[in-house]
Amino acid sequence: MNQMELSVPYDNGYEPEDYMLQEDEWDRDLLLDPAWEKQQRKTFTAWCNSHLRKAGTQIENIEDDFRNGLKLMLLLEVISGERLPKPDRGKMRFHKIANVNKALDFITSKGVKLVSIGAEEIVDGNVKMTLGMIWTIILRFAIQDISVEETSAKEGLLLWCQRKTAPYRNVNVQNFHVSWKDGLAFCALIHRHRPELIDFQNLKDDPLGNLNLAFDIAEKHLDIPKMLDAEDILSTPKPDERAIMTYVSCFYHAFAGAEQAETAANRICKILGVNQENEKLMEDYERLASELLEWIRRTIPWLENRAAEKTMIEMQRKLEDFRDYRRMHKPPKVQEKCQLEISFNTLQTKLRISNRPAFMPSEGKMVSDITSAWQGLDQAEKGYEEWLLTEIRRLERLDHLAEKFRQKATNHETWASGKEEILSRKDYESASLMEVRALLRKHEAFESDLSAHQDRVEQIAAIAQELNELDYHDVASVNQRCQSICDLWDQLGTLTQKRREALERTEKLLETVEQLFLEYAKRSAPFNNWMEGAMEDLQDMFIVHTIEEVQTLIAAHEQFKSTLPEADAERQAILGIQQEVLKISHSYGIHGDLTNPYRTITTEEIAIKWDKVKKLVPQRDSALQEELARQHGNERLRRQFAAQANLIGPWIQTRMEEIGRCSMAMEGTLEDQMTQLKQYEHVIVSYKQNIDKLEGDHQLIQESLIFDNKHTNYTMEHIRVGWELLLTTIARTINEIETQILTRDAKGISQEQMNEFRSSFNHFDRRLHKARVEERDKLRPDEFKACLISLGHLGNDKQGEVEFARIMMLVDPNTSGVVSFQSFIDFMTRETADTDTAEQVIGSFRILAADKPYILADELRRELPPDQAEYCISRMPPYSGPGALPGALDYTAFSTALYGESDL
C-alpha cells in the first residue's frame, strides 16, 4: 500500500473504517476493555525496546518516555535506517512538541496519513494517543510489507500463519485473538521452522504451559522479546488483536531468511522435478523404441520367407498364422508406434517449454528410424497374403491332379493286370483251326482294346508331367508309378506284335472263324471302353470358382446326356449280335460250345456297367447343382463384403477430411477443438465393430477360397491401411492440439493470439485444401517468410534476409524444406514468453549456499527433499575454485548443464 490513512487506532477493531472512529468512541472502548490496554502497553513496550536496544537504550513507561520526542525520533531512525532532523535539546514544552512533530512528519512522509494524532497529546502523556501512534508505526514498519498472494498486510500475515500451521491438525488459525489462546499456534510456528527447539508431538492440553514454553523459547533462541504474559491472554475471552499481530510479526521477520531459502528450494525442486520427469520419459522412449524395433526385426524375416510348404494343411496353417498376426499381433504394435511418436513430440514440447535442449535418442532409435523400419515391415508384408492364397490354389490343383492320376493309373493297372501273361501264351500251337481263328480274332479284339487304352496312358503321362512341373511334393512316387505303367505298356506292345505274327502264321492253316463272335467282340470292347470312360467322367472331381464355370460344366453334362440314346442303341445292337448267335444256333441245330472265344466283356457285364452309368448320371446332376448352390453362396459373400467395404472406405475418407478441417479450424478455443476431436475419436472407436465384422466376412471369403470380387474396388488390405491411418491421424491430431494447449498455457498465450497465429499460418498455406492430410499444416520457406512479414516479425530488406536465415535454422534444423505449425508456434512463443533460465536456478542455489560459490551435500540434504537432494549430489561436479572445502559441489556448472549450456 502506498498510503495509509490512520487515526489513533485504539477502538479494538481492525478494518480501515474502524480506524476513523471519533475520540469519544475510543474512550468508551478503552473503559470497556481495560485488559486490552494492559496487553498493548506490554507488547508495544517490548516491541519498541527490541529496536531501541540496538541504540543502547530502552523505555520503561510508554506514555512518559516518548513525551520529549527524543526516544521517539531514535526509534524511527533505528527501524527505518534513515536519519531524522536534528532534535531540539531544550526541556521546555515547545522543544518537546517540536521533536514530536519531527517524528510525526517523518511518519507522514512514509505514506501514512495521521488523523487526530497531535504532538500535544503525546507530550501531555495521553495513553490512548501514544498507543495509537505506536500501533501506526508497527503497522507501517513491521506489518505493511507482509504480503502473500497479493493480499493486504493483515490478511497476508494471517495467510502466512495458516500455511505454516496447516500440517498441524490440532491448530486452526482463523484470526489474531482466540486462535492463539491455547499456545499451540505459537508452538507450531516455532516447530515448523526450528523443529529441534520444541517437541510438538508431546505437548499437552495446557494453554498456560504451551504459551510460556513458546514465549521462553522465542526469547532465548530467536531473539524475540517476551511481549505478552500468558496469564493476561488467558484472563480475557478475546485477547487484544493488535498485541497478537505485533508479536506474530516478530516471528514472521525472524523466519524471513528461512522463507527465502524455502522459496529458493521450492524453485530448485520444481526444476529438478521437471528434469527427472523428462529423464523418465527419455528412458521410456528408449525402452519402447528398442522393443518395437526388435519386434519388427524378428517379424520381417518371417514375412519375407516365401518357402512353400508341401501340403495343403501346412499352407493353410501358415495362412491362419498370418491372420492371427494381422488381427492380434500387429494392431497393438500400430498403437505402440503411434504412442511412441506422440510421446516423442510431447517430450520435445516439454523440453522446449522448460528451456531444455532437445532430446536426441540413441543411434538407430529416432522416430524416422522407427518409421523406416515400419515401412520395411509393410513392404515385407505386402503380397505375403496373396502369395499364401496362390500357393494354396496351386496345392489344391496338385491334390486334384494327384487324385486324378491315381484313379486313372489304378484303372489302367487293373486292366493291364495279367495281360503280359496272356500275350506270352503259346496255346495256338496245339489248337485246332477254329481255335486258332478264334485266338486270332481274340487277339485282334485285344489290339483294338489296346489301341483304345493308348489315350489313357497318354493322359496318365501328361498328368505326371504336370505334377512334375508344379513341383508336387510326392512326385517321386508318381514318376515311379508312371514309369512302371509306360514300361508295361511298351512290353504289352511288343508282346502283342509278336503274338499277332505267330497267329497270322498259323492262320494260313486255319480257315474257319466265327465272324459273328468277332463282330461282337469288336463292338463290345469300344463300347465297354466308352462306358468306363463315361463312368470316369461322371465320377471326375471338379474345381470351379464362379457360377459361370459351374454352368459350363452343367452344359457339358447336358450334352453328354443327349448322347445316351445313341449309346443305348449301340448297346442294343451289341446285345442283338449275341441274340443272333443264339438264333443261328437254334436255326441250324448247333449244339457245340457257344461260348464266344473272342469277347472281353459279357452281356451281363455290359448290363451291369450300363446300369452304373445310368445311376451316375443323376448323381452327377446332384453334385453339379450342389456346386452351383455353393457358388451362389460365394457370390452372396462377395456382395456382402462389397456392400460393407463400399460404405467403410468412404466413411474412413470422410473422417480423415473432418479431422483435417477440425485441426485447421479457428472457431472457438483449442479446448473446443479438443472436444470436437475427442468426439471424433469416440465415433471412430465405436466404428471399430464394423471393421471387425468386415474382417469376419473377409475370413469367410478366404475360407471359401474366393479369390476375386468384381463388386468392389476395396480389398481388406485397403480397409486395414485406411483404418490404421485414421487411428494414427486422430491420435496425432489430438496430440498436436494437446501440445498447442500445453505451449499456450506454459507460454501465457491467449486464445486470440493462438487464433491469430493459426489464421496467418492458414492464409499462407496455399496447399491447404488440395494436399493430402499428411502434407497439411506445413509452409514452404517463401510462404513462411511472407507470414512473418505479415505479422511484423521480419523486415523486407537485406537485414530481414539475414534474420530470416537465422529463424529458418531454428524452425527447420533438419533442413526438411518445410515449417510445421508446431514449429511456427514454438518460434512465436519463444520470441516473447518468459521461461526459467539457468541464471534463475544459479541464483536459487546461491541462496541455499549462503552466497558461497559452492554448496555442500549437507546443505542440499537439509534444504531439499531426499530424492532431489541425492539427484543433485550424484550429478554435481566437484567445485575446484578458490577457498573450496572438502566435498564442495559446483552448482553453477550443474545449473548450466540443465539447460544444455555445458557438456555435463
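Draft legend 1. Quick look at the overall build of the chain. Per the secondary structure count, the chain includes 35 helices and four strands. Going through the 904 residues of the chain one by one, you find that 46% of them count as buried. Considering only contacts within the chain whose residues lie at least 6 apart along the sequence, 74% involve residues at least 24 apart.

Draft legend 2. Expanded view of unusual backbone geometry. Its identity is not glycine, yet Asp223 carries a phi of approximately 60°, on the positive side. Structurally, Asp223 is set in the loop between helix H10 (207-221) and helix H11 (230-235). Accessibility expressed as a relative area gives 53% for Asp223, which makes it exposed. Phi is positive for Ala850, which is not a glycine, with a value near 55°.

Draft legend 3. Molecular detail of the packing of helix H2 (residues 34-52) against helix H12 (residues 241-254). The contact between H2 and H12 brings their axes to 9 Å, and the two run at 25°. Here H12 runs roughly parallel to H2, going by the angle between their axes. Every pair of crossing elements has a handedness; the one defined by H2 and H12 is left-handed. Taken together, the residues of H12 that come into contact with H2 (itself represented by Gln39, Gln40, Thr43, Phe44 and Trp47) are Arg242, Ala243, Thr246, Tyr247 and Cys250. In terms of residue class, the contact of H2 with H12 is made up of five nonpolar, four polar and one charged.

Draft legend 4. The pattern of salt bridges, seen in detail. By the definition in use, this model includes 59 salt bridges. Put simply, Glu635 and Arg639 hold a salt bridge, and the shortest N to O gap is 3.7 Å. With Glu635 and Arg639 both in helix H24 (residues 603-664) and four residues apart, the pair spans about one turn of that helix. Judged by its relative accessible area of 14%, Glu635 is buried. If you follow the salt bridges from partner to partner, you end up with Arg326, Glu695, Glu717, Arg720 and Glu724 in one network.

Draft legend 5. Structural view of the packing of helix H14 (residues 312-353) against helix H16 (residues 384-416). Contact pair H14 / H16: the axes reach a minimum separation of 9 Å and the direction vectors enclose 160°. In terms of axis orientation, H14 runs roughly antiparallel to H16. The crossing of H14 and H16 is left-handed. Facing Met312, Met315, Gln316, Lys318, Leu319 and Phe322 of H14, the residues of H16 in contact are Tyr384, Glu385, Trp387, Leu388, Leu389, Glu391, Ile392, Leu395, Glu396 and Asp399.

Draft legend 6. Local environment of the nonpolar core. Core analysis: the biggest nonpolar cluster contains 78 residues, and Trp47, Ile137, Trp180 and Phe251 have the highest contact counts within it. No other element matches helix H7 (residues 127-143), which puts 12 residues into this core. Counting residues in each nonpolar core, the second largest holds 46 residues, with Ala645, Ile659, Ile701 and Phe784 among its members.

Draft legend 7. Quick look at the confidence of the model for the chain. Residues with a pLDDT of 70 or more make up 87% of the chain, whose mean pLDDT is 80. Here strand E1 (residues 4-7) stands out as the least confident element of the chain, with mean pLDDT 35; H10 is the most confident, with 91. Scored below 50 in pLDDT, residues 509-513 makes 16 contacts in the model with residues more than four places away or belonging to other chains.

Draft legend 8. Main features of the packing of aromatic side chains. If you walk through the whole model with that rule in mind, you get 27 aromatic pairs. Ring geometry for Trp180 against Phe186: centres 4.8 Å apart, planes inclined by 55°, an arrangement best described as tilted. The interplanar angle of 50° and the centroid separation of 5.7 Å between the aromatic rings of Phe186 and Tyr247 together place this pair among those described as tilted. Taken together, the residues span a long stretch of sequence, with Phe186 in helix H9 (residues 184-193) and Tyr247 in helix H12 at a distance of 61 residues. In this structure Phe186 comes out as buried when scored by relative accessible area, which is 0%. Aromatic ring contacts, followed pair by pair, group Phe176, Trp180, Phe186, Phe215, Tyr247 and Phe251 into a single cluster. For the cation-ring pair, Arg140 lies above Phe141, with the distance from its terminal atom to the ring centre recorded as 5.1 Å. Across the ring face of Trp415, the terminal group of Lys419 is positioned such that the distance to the ring centre comes to 5.0 Å.

Draft legend 9. Seen up close, helix H22 (residues 547-562). If you check H22, its first and last C-alpha atoms are 23 Å apart, about what 16 residues at 1.5 Å a residue would give, namely 22 Å. Within H22 the residues assigned to the buried category are Ile547, Val550, Ile554, His557 and Phe560. Projected onto a plane normal to the axis of H22, the buried residues spread over an arc of 135° and lie on a single side. Of the exposed residues in H22, those oriented more than 90 degrees away from the buried face are Thr552 and Gln559.

Draft legend 10. Layout of the state of the cysteines. Taken as a whole and judged by the stated rule, the model has zero disulfides. For the unlinked cysteine Cys269, the closest cysteine sulfur is that of Cys872, found at 8.0 Å. For Cys269, a relative accessible area of 16% translates into the label buried.

Draft legend 11. Quick look at the environment of Asp182. Looking at the secondary structure, you find Asp182 in the loop between helix H8 (153-165) and H9. On the basis of relative accessible area, Asp182 is assigned to the partly exposed category, the value being 28%. Taking C-alpha positions, Asp182 is 7.2 Å from Asp206, a pair spaced 24 residues apart along the chain. In contact with Asp182, other than residues within four places in its own chain, are Pro207 and Asn210.

Draft legend 12. Expanded view of helix H5 (residues 93-109). Between its first and last C-alpha atoms H5 spans 24 Å; for 17 residues at 1.5 Å apiece the expected length is 24 Å, and the two agree. Of the positions making up H5, those classed as buried are His95, Ile97, Asn99, Val100, Lys102, Ala103, Leu104, Phe106 and Ile107. Looking at the buried residues of H5, the elements they touch are helix H4 (70-80), strand E2 (112-115), helix H6 (119-123) and H7.

Definitions and cut-offs
Residues numbered from 1 in each chain as written. Predicted model: local features only at pLDDT ≥ 70, side-chain atom pairs only at ≥ 80, totals over all residues. Heavy atoms only, no water. Helix = DSSP H or I, 4+ residues; strand = E, 2+ residues; numbered from the N terminus. Buried < 20%, exposed > 50% of the residue type's maximum accessible area, 1.4 Å probe, protein only. Contact = heavy atoms within 4.5 Å. Axes fitted to C-alpha atoms, helices over the stretch in contact; angles between N-to-C directions. Parallel < 35°, antiparallel > 145°, perpendicular 65-115°, else oblique. Left-handed = near helix turned anticlockwise from the far one by under 90°. Nonpolar A, V, L, I, M, F, W, Y, C, P; charged D, E, K, R; others polar. Salt bridge = Lys/Arg side-chain N within 4 Å of Asp/Glu carboxyl O. Core = buried A, V, L, I, M, F, W, Y, C linked by side-chain atoms within 4.5 Å. pLDDT = per-residue confidence, 0-100. Phe/Tyr/Trp six-rings, centres within 6.5 Å; stacked < 30°, edge-to-face > 60°. Lys NZ or Arg CZ within 6 Å of the ring centre and 35° of its normal. Expected span 1.5 Å × (residues − 1). Arc of directions from axis to C-beta. Disulfide = S-S within 2.5 Å.

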